[in-house]
Structures are given as structure tokens and as C-alpha cells.
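Residue strings, one per chain:
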Amino acid sequence: MRFNRDVFFRQATLRICSSLKIDNALKSAYDYLNEFFPIDELFLDILDADLGAIRRIAHIRGGKVLVPELIVPLPEKLKNWLTGKDVPFIMDPADPHAQAMTPLVKLVGVSDLVVPLKIEGHPIGFLVLRAQGLGRYRAEQTEILSVISEPFAIALANALAHEAVLKYSDLLLDDNRFLQKELFPQKGDEIIGGNSGLRNVMETIRQVAGLSNTVLLLGETGTGKELIANAIHFSSRRKDGPFIKVNCGAIPESLIDSELFGHEKGAFTGATVEKRGRFERANGGTIFLDEVGELSSHAQVRLLRVLQNREIERVGGTRAIPVDIRVIAATHRNLENMVAENRFREDLWFRLNVFPIMVPPLRQRKEDIPALTRYFVELKSRELGIAIPPAIAPGALERLTQFDWPGNVRELENLTERELIRHKGGQLFFDGLLSPQRKVRESHRREERDSAPSQTLDEMIASYISKVLKATNGKIHGPGGAATVLGIKPTTLRARMDRLGIAYGRKKC
Ligand SMILES: Nc1ncnc2c1ncn2[C@@H]1O[C@H](COP(=O)(O)OP(=O)(O)OP(=O)(O)O)[C@@H](O)[C@H]1O
Ligand SMILES: [Mg+2]
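None of the values given here were measured: they were computed from a predicted structure.

Caption draft 1: Local environment of the packing of helix α14 (residues 369-384) against helix α16 (residues 408-422). Axis separation between α14 and α16 bottoms out at 9 Å; the angle between their running directions is 50 degrees. When the axis of α14 is compared with that of α16, the two are oblique. As α14 runs across α16, the sense of the crossing is right-handed. Along its contact with α14, which presents I369, L372, T373, F376, V377, K380, S381 and L384, the element α16 presents V409, L412, E413, T416, E417, L420 and I421. Of the residues contributing to the contact of α14 with α16, the split by class is nine nonpolar, three polar and three charged.

Shown next, in the form of C-alpha cells:
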């Protein structure tokens, strides 16, 4: 058969680029090169700058793929000699450099034909053909091999990049699992009142634990809906999968599609890379749609489609991507009323409402208040770095039990934290029950009585938020902050402030 340089180039290139798994690609290349050269071993070595060494990443011997094990530390002199080579060469055992390598690599009794691999002039590694016995390669064969050094270099670089991506994706997955485990036991694992005030709720969670049905959590603000959502996910078969939370009220309208469904590269200005949305990220696990009542009508339509078809389409994309997810939604709003007022789609409401769980307000399970208070004293002391949690004064728990708790468990949690911060030693009396939030509420009630309704809902919300911000001196986060007073999350409050055009700032609101 007459040797054709172009055919050789094409066939060798096709083979080395046939797989991202470098073992498979090298084996395929071996099967072809073997027809033209004597080869007992074929291997790919990389110059690993991190290790300051040559590392073998693929190795064929006698036509069999071996696990590459070799790492050879490279003295500076040898490194300079090797990286200075530009074209394929036959290793001369008499060369002092080759001899310097002999203690590291066995070069005795073999012939090596070495192809330096470079990308943009930068050395990245070598392809080595080895045959038993001396003088097995001829000078013209080095010339033939020079045509394939470039495709082999590209294939090697791609394989390395692929290896790095796999490594990082494994690391991320691992990080994600680790963080999930780290984050959730702190809060959420412990549900106080599971055997008393929340017994029915816990019983229901056990019923749905093994299923993948949609769950709708209803209940006033601060009753523990998010905690229950955690419990449902972590007691389900999906517990090792992702648990992705979405606060529907906190994502600006213009971003909601790309946040939930992702986008393709170039879908809009600024979409410089492809992005997976939260639904895709939740694949194999659970998505928690918190404050689902805040979704705009446009987003409601998109959500309905996901629930019906169990597939999503990225913004700017054309293909449907199937998603295996369990949906848990939560709201403190009365969705039924919202449906009646045409503010929530009825079809979506039916889809979400297949398994509603009502989390009762704290005033209907007052028996849990003492245990919750003790739990928060312990938890918050730990968080605040108080070594020995103070005792609760006699009579304090009775007082707490008589209170109505409009902000529910979150209000009790915040009150306990405030009490610990103010605490100057001795026992906890919980005499700060007339908190800033009650003062604001009461003054608001007075004003409500005195004024006739003349505002839109948004204007009223804006004026109320401004008033609370004034009372908290512009503080949003933390104990005594506006978010706490309003019983919503700081992220939600910020989103509302942005939407309603309310200015930030500590002085004037
Ligand atoms: N039964 C409980 N045991 C221990 N902690 C609880 C319990 N219920 C609620 N909490 C705590 O109270 C706080 C408020 O709970 P959560 O955020 O789950 O309420 P929510 O119903 O989602 O409120 P919102 O409607 O405002 O979002 C959280 O810090 C939560 O950990
Ligand atoms: Mg919540």
C-alpha cells in the first residue's frame, strides 16, 4: 500500500478526536498507527506544571489499555531540554539527557520515538511510540509523525480540560451535598411541637414522605412553613437530591423567567453564558416555591406549564428539557380569595392544591410556647456566643402563653433574641412584649380608624413600609429591623421596596 500523507493525517486525526475519554481515543489511534510503525507501547505524557513533573495520562501496551500510573519529577535541566524540542525525534540512549532520565524512566533495550505536543508554541506534553530492541525507528518516520503533532496536542488539551471540568463538577456536587447537610441541621431539623401542636402536620408529612406529589403549605406568616418544607424533602426518597428554594416574591419580574427556567447563551443582552434555571437545578430533588401567591400572572402561566408537562424550556431555547422534580409551594395568602378576585389563576390553584397542609397559627397551639421558648433561648444563646443560656424567670412562660403572637413562631424567635441581647445578667423576664412591631401596628390601627379609604393597595403597602422603616430608623435586617416588624424576609422586603420605589437609608424614609 502506497503511503498517502493526507490520508494518514485525516485518519490519525479522526481517531485521536474520536472520544473525550483519552484512553479510548489513544486506543483508536494506536489501532491505526500500528499499521505504519512498530509499536509495543504507546503513551501520552503531560507536563504537569503544578507537580513539576511528567504525568502519564494514557497508556497502551500490547494493544491493551493500562491504568496510567507514572509520575516522573523533572529536574529543571531535563525540563528545559525536553520543552526545547519542537519536532519529533528518536531518543538516543547515548545522549547525556536521555541517560540522566534513565534512573527515572527505563530506556534500556527499547527505542522511543517522541512527538512533542504544543499549543500555540507552549509545550503541554508528549506522544511516545516505543518498540522493544534498539534502532527500531528511522529518521523519515519522525517526519511523517510531525503532521499529527497538532491534532494530538489539541486532543490532549481537550481531554485535560474535560478532566478538569469533571473534577470540578464532582467537587461542586460534593460541596453542594456538604453545604446542604451543614446548613439544614442548624435550623429546620428540629421541629418543636411535633408531638403536640404540630402532631397532625407531622402525621401528614409522614403520609407523603414516600410520594412525589405536589404539596401546598398554607398558614400565616412565621408559622414554620419553610421548616415543614425542609422536613418533607429530607424525609422523602429525594433527600439526597437537591433542595432548591425560590422566594417568588423576591425575584424581580424582569428576571423571573431566566431565574426559574434558565436561558441559552445569547438569549438577551447580557446572557453571555448559558444558565440553568432553578427548575433544572432541582432535577432529581425538590423545588420549594415560597410565597407562590406573589407570582405575576405571566409567571403563573409558565409555572402551570411546568406542572402540567414536567418539562421546561430555557429562555431563548427551542427544546423542551424534562425535569424530575417534586414541587412544594407555600403561601401565607388566601389563594382561594385571590382566585375569586382574579389575582391567581384557578387552573394553577387546582394543580397546587392537590395536597394542602395547613400549618396552624401559634395562638391555636399555645401548648408549644414553653418548649419553643426554651429551644430559642438555647439556640440564640449559642448564636450570640452566650456560653451559659440564662434561666427563664418564673411566671414569664405564662405571660408568653397569654400573648396572641400575630407574627407566630418567628415573632417568638425574634423576641427571644431581643431579650437575650438586652439581657444584663440574671433571669429572662420577657417584659419587652410591647415591642416596636406592636407599637407600629397599634398606631396604624388608630390611623386606619381615622381615615376613609382613598388609596390603591400598592400605595397603602408603600406607605405602611415607609412608616415601619421610619420607626426602625431605616434598619431592614436583624432584630428590630423592618423585615422583622413586618414579618417578612429582608430579601422580600427589599424586592418590594425596589418595586414600589421606596428609598433606602437610615435617616429619612
Ligand atoms: N415548630 C418549630 N420549631 C422550631 N422552630 C420553628 C418552628 N416553627 C418555626 N420555627 C422557626 O421560626 C422561624 C419562622 O419559620 P418559617 O420561616 O418556616 O415560617 P414561614 O411560615 O415560612 O413564614 P413566612 O410565611 O413569613 O415565610 C424560622 O426561623 C423557623 O426556624
Ligand atoms: Mg417562609
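Caption draft 2: Here's a closer look at the packing of helix α18 (residues 457-471) against helix α20 (residues 490-500). Packing of α18 against α20 brings their axes to within 11 Å, and their N-to-C directions diverge by 120 degrees. Taken as axis vectors, α18 and α20 run oblique relative to one another. In the packing of α18 onto α20, the handedness of the crossing is left-handed. Contacts from D458, I461, A462, I465 and L469 in α18 reach L493, R496, M497, R499 and L500 in α20. Each residue belonging to the contact of α18 with α20 can be placed in one class, and the counts come to seven nonpolar, no polar and three charged.

Caption draft 3: Spotlight on the packing of aromatic side chains. Taken as a whole, this structure holds 10 aromatic pairs when the rule is applied. Taken together, a centroid distance of 6.1 Å and an interplanar angle of 70 degrees make the contact between W81 and F89 edge-to-face. Residue F89 is classed as buried on the basis of its relative accessible area, which comes to 12%. When the centroid spacing of 5.5 Å and the interplanar angle of 5 degrees are considered together, the rings of F261 and F279 count as stacked. In this pair, F261 sits in helix α9 (residues 256-261) while F279 sits in helix α10 (residues 278-281), placing the two residues 18 residues apart along the sequence. Of the two residues examined, F261 and F279, each falls in the buried class. Taken together, the aromatic side chains of F8, Y32, F36 and F37 make up a single cluster linked through ring pairs. Seen from the ring of F43, R56 lies directly overhead, with NZ or CZ sitting 3.6 Å from the centre.

Each value, and the rule that gives it
- Residues numbered from 1 in each chain as written.
- Chains lettered and ligands numbered in written order.
- Predicted model: local features only at pLDDT ≥ 70, side-chain atom pairs only at ≥ 80, totals over all residues.
- Heavy atoms only, no water.
- Axes fitted to C-alpha atoms, helices over the stretch in contact; angles between N-to-C directions.
- Helix = DSSP H or I, 4+ residues; strand = E, 2+ residues; numbered from the N terminus.
- Parallel < 35°, antiparallel > 145°, perpendicular 65-115°, else oblique.
- Left-handed = near helix turned anticlockwise from the far one by under 90°.
- Contact = heavy atoms within 4.5 Å.
- Nonpolar A, V, L, I, M, F, W, Y, C, P; charged D, E, K, R; others polar.
- Phe/Tyr/Trp six-rings, centres within 6.5 Å; stacked < 30°, edge-to-face > 60°.
- Buried < 20%, exposed > 50% of the residue type's maximum accessible area, 1.4 Å probe, protein only.
- Lys NZ or Arg CZ within 6 Å of the ring centre and 35° of its normal.

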